[in-house]
Amino acid sequence: MPDARFSPLPGFRDFAPQEYALRTYLFNTWRRVAHRYGFVEWEAPTIESTELYLKKSGGELPTQLFRFTDQGERDITVRPELTASLGRIAAAYQREYTKPLKWFEIGSCFRYEKPQKGRLREFVQFNADILGEAGPESDAELIALAVDCMREFGFTPQDFEVRISDREVWLRYAAEHGVPEEKTGDFLAVIDKFERDRPEYCQEKLDAFGMQRADLVEFIANPPAGCSPRYDAVLAELTARGLQDYVKLDLSVVRGLAYYTGLVFEIFDKGHTLRAVAGGGRYNGLVKTLSAGAVDMPATGFAMGDAVIAHLIESCPAARALRDAATKPDSCDVALILAAPEMRPAMLSLASALRDEGIRVDLPLSPAKMGNQLKRAEKIGATYAVVIGSEYPFLSVKTLATRESVTTDIEGLTALLLNNGIEDSPDEE
């Protein structure tokens, strides 16, 4: 048994090859869809100044930081999210790029919170943002990207929904009900936990604003027609794309971070078995705040986490089938089988020649029976087993899926492999 002292810390994970294959599948899917939408990739440091996150985050985030003082006596934090870093980087480099900026990032984030289903202390997020565009068209483009990511994983309107809200609606509601401007953030925090808090506890918090929970339940269930012109414009855009069945107005969504300024949204599974799969919204003032007023650039973005989406894929047969097909063992195209030990130099020469053609080749590193070599070939997902024996340079080529065999020479083998589409291709990751 492994020494328990050296197991991963709570909320952290190991990625053995099969687990890493799932991770790669998620990353490749996100990248493929993002590129389809014309987004380009960026990255930020894993560690930033703590002040960056305290300046405009709010909510629970400041209490969840992996925060420490380094050897230079600097107050630093392992990044809990990417929006603050994006705002800093966009402000510094925006002159070098054509607006709007359509950027995405895939990377680890860290939050010190209680590990549970779909929530870890180290997790990976796919972050997509549009900066430099204030209109509802950019909100719709971003939501469409999020929907198409879900569709690419194999989900349908029966599996998930995008719940869209508008914080402007709640700001007007607060003003109309006498909430002082300096208390608006506290009021929005109550709405953010409206569905999660026990009704009696929620009412206790609403007492401070002289409000009744029942009135808010009614307001959320039956929002006034036209209460959010922004939502109406976004819905029209999504309808033109054929995506209207994936979205609905839900004013219970406000998002907890203080930098959100308008339209916000979250993606939930329709079985209501998981926390939000993704979430985001508009944060028009963040870049200006982080640049001390030097750059004022409207922005909108969302993040999708790997832990929740992995659970949802597991629960959905269609998505699970796509995942399984993409992550089945497939480490090589050809497994070389050494039938005559004296032919090892010939086998090594053949392996090098095939690898030079971009063909993935596995070979035995120590003496083994032919039967064991063939079993290994099947386990690692090889397409062909090529037997090198005393007949060399003639080779026996077995297609492992069909058990069919042919005999050919080295030139014929290379032609066979390349004609069947086995050649070098760039990795998506």
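Things to note about the side chain of Asp250
Point 1. Structurally, Asp250 is set in the loop between β8 (247-249) and β9 (263-269).
Point 2. Apart from residues no more than four positions distant in its own chain, Asp250 is found in contact with Arg163, Ile164, Ser165 and Ile220.

So, the packing of helix α1 (residues 17-36) against helix α12 (residues 317-327)
Helix-helix packing is characterised by the crossing angle of the two axes and by the distance between the axes.
Point 1. Two elements in contact, α1 and α12, have axes whose closest approach is 9 Å; the angle formed by their N-to-C orientations is 115°. The angle between α1 and α12 places the two elements in the roughly perpendicular class. Two packed elements cross with a definite hand, and for α1 against α12 that hand is right-handed. Between α1, through Gln18, Ala21, Leu22 and Tyr25, and α12, the contact on the second element is made entirely by Leu322, Arg323, Ala326 and Thr327.
Point 2. Of the residues assigned to the contact of α1 with α12, the class counts are five nonpolar, two polar and one charged.

Brief notes about the sheet that holds strand β12 (residues 334-338)
Point 1. Across the sheet, which stays open at both edges, the five strands sit in the order β13-β12-β14-β15-β16 with mixed pairing between neighbours. Strands with a single pairing partner mark the edges of an open sheet, and in this sheet they are β13 (361-362) and β16 (404-408).
Point 2. Sheet analysis places β12 next to β13, joined by two bridges and oriented parallel. Note on β13: the bridge partner recorded for Ala335 is Asp362.
Point 3. Against the sheet, helix α15 (residues 410-419) touches β12, β14 (384-388), β15 (395-399) and β16, its axis set at about 20° to β15.

Topic: the packing of aromatic side chains
Point 1. Counted by the stated rule, this structure contains 21 aromatic pairs.
Point 2. Each ring, one from Tyr25 and one from Phe153, has its centre 5.8 Å from the other, and the planes form 70°; the classification is edge-to-face. Of this pair, Tyr25 sits in helix α1 while Phe153 sits in the loop between α4 (136-152) and β7 (160-166), and the two are 128 residues apart along the sequence.
Point 3. Since its relative accessible area comes to 9%, Tyr25 is described here as buried.
Point 4. On the basis of an interplanar angle of 75° and a centroid distance of 5.6 Å, the ring pair of Phe187 and Phe209 is categorised as edge-to-face. In this pair, Phe187 is assigned in helix α6 (residues 184-192) and Phe209 in the loop between α7 (199-207) and α8 (213-221), connecting sequence segments 22 residues apart. The exposure classification of Phe187 matches that of Phe209, with both residues buried.
Point 5. The structure contains a cluster of three or more aromatic residues connected by ring pairs, namely Tyr25, Phe27, Trp30, Phe104, Phe126, Phe153, Phe265 and Phe302.

Observations concerning the confidence of the model for the protein chain
In regions of low pLDDT, the predicted coordinates are not meant to be interpreted in detail.
Point 1. Per-residue pLDDT for the protein chain has a mean of 92; in total, 97% of the residues score no lower than 70.
Point 2. Across the protein chain, element-level confidence peaks in α4 with a mean pLDDT of 98 and bottoms out in α15 with 88.
Point 3. Note on residues 425-429: pLDDT under 50 across the span, and eight contacts to partners over four residues away in sequence or across chains.

A look at the environment of Ser252
Point 1. By the secondary structure assignment, Ser252 is in the loop between β8 and β9.
Point 2. Look at Ser252 and you get buried, because its relative accessible area is 7%.
Point 3. For Ser252 and Cys202, which are 50 residues apart along the polypeptide, the C-alpha to C-alpha distance reads 13 Å.
Point 4. If we ignore the near neighbours within four places in the chain, the residues touching Ser252 are Arg163, Ile191, Glu195 and Ile220.
Point 5. Engagement of the side chain of Ser252 in a polar contact is seen with the side chain of Arg163, the distance being 3.3 Å.
Point 6. Within the structure, Ser252 has its side chain in polar contact with the side chain of Asp250 (distance 2.6 Å).

Focus on the pairing of strand β11 (residues 299-305)
Point 1. Most of β11 is tucked away, with seven of its seven residues classed as buried.
Point 2. Here β11 shows two buried faces, one formed by Ala299, Gly301, Ala303 and Gly305 and the other by Thr300, Phe302 and Met304.
Point 3. Two strands pair when backbone bridges link them, and strand β6 (residues 122-131) and β11 are joined in this way by seven bridges, in the antiparallel orientation. Each residue of the ladder has a partner; that of Asp129, found in β11, is Gly301.

Comments concerning the pattern of salt bridges
Point 1. Scanning the entire structure with this criterion turns up 29 salt bridges.
Point 2. The partner of Asp148 in a salt bridge is Arg151, with the nearest N and O atoms 2.8 Å apart. Here Arg151 and Asp148 lie together in helix α4, a separation of three residues that amounts to about one turn.
Point 3. Glu161 is the salt-bridge partner of Lys248, the closest N and O atoms lying 3.8 Å from each other. Residue Lys248 is located in strand β8, and its partner Glu161 is located in strand β7; the two are separated by 87 residues in the primary sequence.
Point 4. Judged by relative accessible area, Lys248 falls into the partly exposed class, the value being 36%.
Point 5. Under the relative-accessibility criterion, Glu161 is labelled buried at 11%.
Point 6. Three or more residues joined by partner-sharing salt bridges are found here, namely Lys102, Glu141, Glu237 and Arg241.

Section: the sheet that holds strand β10 (residues 278-282)
Point 1. Spatial strand order, β1-β5-β6-β11-β10-β9-β7-β8: eight strands in an open sheet with mixed pairing. Each of the sheet's edge strands pairs with one partner strand only, and the pair in question is β1 (40-41) and β8.
Point 2. Here α1 sits on the sheet in contact with β1, β5 (101-110), β6 and β11, set at roughly 165° to β5.
Point 3. Sheet strands in contact with helix α9 (residues 229-240) are β7, β8, β9 and β10, and its direction is about 165° off that of β8.

Things to note about the nonpolar core
Point 1. Of all hydrophobic cores here, the largest spans 48 residues; its most connected members are Trp30, Phe126, Ile143, Phe155, Phe302, Met304 and Ile309.
Point 2. For this core, the element with the highest residue contribution is α4, accounting for nine residues.
Point 3. Apart from residues no more than four positions distant in its own chain, Phe302 is found in contact with Phe126, Asn127, Ala128, Asp129, Leu142, Leu145, Ala146, Phe265, Ala278, Gly279 and Gly280.
Point 4. In this structure, Val253, Leu257, Tyr283 and Met297 belong to the second largest nonpolar core, which totals 29 residues.

Cut-offs used in this document
- Residues numbered from 1 in each chain as written.
- Predicted model: local features only at pLDDT ≥ 70, side-chain atom pairs only at ≥ 80, totals over all residues.
- Heavy atoms only, no water.
- Helix = DSSP H or I, 4+ residues; strand = E, 2+ residues; numbered from the N terminus.
- Contact = heavy atoms within 4.5 Å.
- Axes fitted to C-alpha atoms, helices over the stretch in contact; angles between N-to-C directions.
- Parallel < 35°, antiparallel > 145°, perpendicular 65-115°, else oblique.
- Left-handed = near helix turned anticlockwise from the far one by under 90°.
- Nonpolar A, V, L, I, M, F, W, Y, C, P; charged D, E, K, R; others polar.
- Pairing = 2+ DSSP bridges.
- Phe/Tyr/Trp six-rings, centres within 6.5 Å; stacked < 30°, edge-to-face > 60°.
- Buried < 20%, exposed > 50% of the residue type's maximum accessible area, 1.4 Å probe, protein only.
- pLDDT = per-residue confidence, 0-100.
- Polar contact = N/O pair within 3.5 Å; in protein donor to acceptor, adjacent residues only side chain to side chain.
- Salt bridge = Lys/Arg side-chain N within 4 Å of Asp/Glu carboxyl O.
- Core = buried A, V, L, I, M, F, W, Y, C linked by side-chain atoms within 4.5 Å.

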